[in-house]
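Results of the structural survey
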Amino acid sequence: MSSETHINKISGTALPLRGNDIDTDRIVPARFLKEVTFSRMGEYPFFDERFGSDGKPKPHPFNDSRYQGASVLLVNNNFGCGSSREHAPQALNRFGLQAIVGESFAAIFQGNCLAIGLPAVTIAPEEMARLQDMVEEDPSVPFTVDLDAMVVRLPDRTIPCQMPDATRKALLEGNWDTTTMLAKNLPQVRQVASRLPYVGNFRG
Amino acid sequence: MSQQTLYDKIWDSHTVEILPTGQTQLFIGLHLVHEVTSPQAFDMMREQGLKIAFPERTFATADHIVPTDMRSRPFLDDQAEEMMQAIEQNAREFAIDFYGLDSDRQGIVHVIGPQLGLTQPGMTIACGDSHTSTHGAFGSLAFGIGTTQVRDVLATQTLALDRLKVRRIEVNGQLGRGVYAKDVILAIIRKLGVSGGKGFAYEYAGPVIEGLGMDGRMTVCNMSIEGGALCGYINPDQTTFDYMKGRPFVPTGAAFDRAETYWRSMASDTNAVFDDVVRMEGASIEPTVAWGINPGQSVGISERLPLPEESGDPDTTRKAYQHTGFEPGAPILGLPIDVAFVGSCTNSRLSDLRAAAEVVKGRHVDPRVRALAVPGSVQVKIDAEREGLDRIFEEAGFEWREAGCSMCLAINPDQLKGREVCASSSNRNFIGRQGSPTGRTMLMSPAMVAAAALNGKIVDVRNL
Ligand code: SF4
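Residues numbered from 1 in each chain as written. Chains lettered and ligands numbered in written order. Predicted model: local features only at pLDDT ≥ 70, side-chain atom pairs only at ≥ 80, totals over all residues. Heavy atoms only, no water.

Next up on the list: the site of the ligand. Residues in close proximity to the ligand include B:His64, B:Ile108, B:His110, B:Asp129, B:His131, B:Ser344, B:Cys345, B:Cys405, B:Cys408, B:Leu409, B:Asn427 and B:Arg433, which together make up its full environment. A per-class count over the shell around the ligand returns five nonpolar, five polar and two charged. (Near = heavy atom within 4 Å. Nonpolar A, V, L, I, M, F, W, Y, C, P; charged D, E, K, R; others polar.)

Given below as structure tokens:
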């Protein structure tokens, strides 16, 4: 995706994944970090939970045909904790997920989601419990994550959702390619650097 | 008089602009790079024709994939070799300092930064690694970042960040015998939870923290991220300044005095205002073991494993029992282990190795246990060998290895097999973390790992 992409609405079916404190080692097992590109990450989310040591698929929401083609991931508390690996949101995104709705996210994970233009919004735990039940019952329910209105829209109701203001703005305005935005201020960066005594190695 | 925290002072003095998004653009004083999270960032730099803004503030090493037994090239693992060549090539092409396997400065990125004096008080630091929080031990603000943010720092030497709140965690009184920095941070995470630090920077303070040497302070700050805090720091003091003296990247003479003046000025004011304050008693901390599938699932050595219903999060506790196969309510004492690992950026420094060596000296590892001692850097290895620690470990039946991340992350040849249980001085007991999807990890201090190695089970190091 290019830096000008404005992200305001994600629509599609959902994939419910239950559990608190799901860490990035589980999302992408470390051995896949040995690849020098992200190109194959879409094959790896939850690999060790989805496949046995014999390579055979195990029952797992990510293997469940009922959720195939889902765009919205539904998760619980402190999702994405642990290692800073951007491979985790890359893997989810490349698997086909375009938005994550959760009870809460770990800080680095949330930053990494923004960096690749993957919206991660939070809703109240009671709401999440209901949504996960509902999708397990009927995986065809269409979801819309609407960042303009800050709601998750379902056919029969609308749930308010949250996201840090800055993140929301960046996605809506297509400012989430931070490098371009930061690079505009390089002259000011050099000024700040010149005022920090350690940058001149305390030469006095 | 000003009432600022160290966090406020560093944040304000490093602020470049408030961005259109409302985030702050923060100057990064030191960028540390390692082989695993950087290749994609360098690719993006090339694709977009970008140059490194401050190459002289960018330093790279290789640690995660490096084998700790046979370091000869090419590595047996083709992927590891490819990754190693990528960092070598990128360092050359972008003209940054790189400490590779032939350098006596090589080691775990969070061990070498401080050791070389690159890490200094009053600085901002970033690295594509969540344990960058380690460097906060020096009174710096140090952030773990993702790969796209690595590109941000390479290209602009800045990050777009949200300001955090500051929670001061005071550990009062003193620690008992056989209780270490590792036990302190495990106890803090147990108390505040693995997501309790979300939105906060942690300021660690109080007599127990101030009484720690720099190695112990690094152990505490290292695991801030395990408590959900993006960064953690300790105000710099005489212990810090004494450590800095004479390190390769630290100024000398009059410049050192100027540096010290600056460093002192960046500490939290005595009447600084915090968003939250938590107090703990050092004397109530026991040797602690994280037994479950996250670092918050820990118990003191005299305790029993929790019953799911009694724990704060019954579902996660049940999931932990499913994975570990341990019995709810069983005492932690006596749980058998198969592997003992002393190492990682949490506990692979000289004082960690000394503590473990002291325990194993003249004794022998249980014959059923595979035991590894892995120094965090080439320099730590040299220092340890000068003291004869290598011989103590080897005579006790430990393998003495070359510097690297080793079994902390196990994307190198050091891995658990099958359902092995590892007593580990590292920082994460996540499912699969040590290389086997069914392997089990218990986190503890190096001395407790050593004691477990000798006995083939979890024991109280204070009773040896
Ligand atoms: S020792 Fe472990 S936690 Fe530390 S940098 Fe290496 S892999 Fe990461």
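Moving on, we come to the environment of B:Ala290. Mapped onto the fold, B:Ala290 is located in strand β13 (residues 288–290). On the basis of relative accessible area, B:Ala290 is assigned to the buried category, the value being 0%. (Helix = DSSP H or I, 4+ residues; strand = E, 2+ residues; numbered from the N terminus. Buried < 20%, exposed > 50% of the residue type's maximum accessible area, 1.4 Å probe, protein only.)

Turning our eyes to something else, we now look at the sheet that holds strand β3 (residues 30–34) of chain B. Residue and element names in this part refer to chain B. The strand order β5-β4-β3-β6-β7 describes an open sheet built from five strands, whose pairing is parallel. A single partner strand is all that each edge strand has here, and the edge strands are β5 (97–99) and β7 (141–144). The sheet shows a mean angle of 20 degrees between the axes of neighbouring strands, direction not considered. Bridging between strand β6 (residues 124–127) and β7 involves four bridges; their strand directions are parallel. In the sheet register, Ile 125 faces β7, and the bridge partner there is Ala 142. (Pairing = 2+ DSSP bridges. Axes fitted to C-alpha atoms, helices over the stretch in contact; angles between N-to-C directions.)

Take the packing of helix α3 (residues 87–95) of chain A against helix α4 (residues 107–115) of chain A next. All names here are of chain A. Closest axis-to-axis distance for the α3/α4 pair is 8 Å, and the angle between their directions is 50 degrees. Regarding the angle of α3 to α4, the classification is oblique. Remark: the crossing between α3 and α4 carries right-handed chirality. Each of Ala 88, Pro 89 and Leu 92 in α3 lies in contact with α4, whose residues at this interface are Phe 109, Asn 112 and Cys 113. (Parallel < 35°, antiparallel > 145°, perpendicular 65-115°, else oblique. Left-handed = near helix turned anticlockwise from the far one by under 90°. Contact = heavy atoms within 4.5 Å.)

A word on the interface of chain A and chain B. At the interface, 57 residues of chain A touch 71 residues of chain B. Across the chain A/chain B interface, buried area totals approximately 5,200 Å², and carbon plus sulfur atoms make up 60% of it. Broken down residue by residue, the surface that chain A buries against chain B is led by A:Lys34, A:Tyr198 and A:Phe202, which jointly contribute 15%. Connecting chain A to chain B are three salt bridges. Among the ionic pairs, B:Arg433 bridges to A:Asp25, the shortest N-O distance being 2.9 Å. The tally of links between chain A and chain B comes to 24 residue pairs in polar contact (both at pLDDT 80 or more). Among the elements of the structure, α1 (24–27), α4, α6 (165–172), α7 (178–183) and α8 (186–195) of chain A are those that each provide at least two residues to the side of chain A that touches chain B. The residue inventory of the side of chain A that touches chain B, partitioned by class, reads 26 nonpolar, 17 polar and 14 charged. (Buried area = accessible area lost by both parts, 1.4 Å probe. Salt bridge = Lys/Arg side-chain N within 4 Å of Asp/Glu carboxyl O. Polar contact = N/O pair within 3.5 Å; in protein donor to acceptor, adjacent residues only side chain to side chain.)

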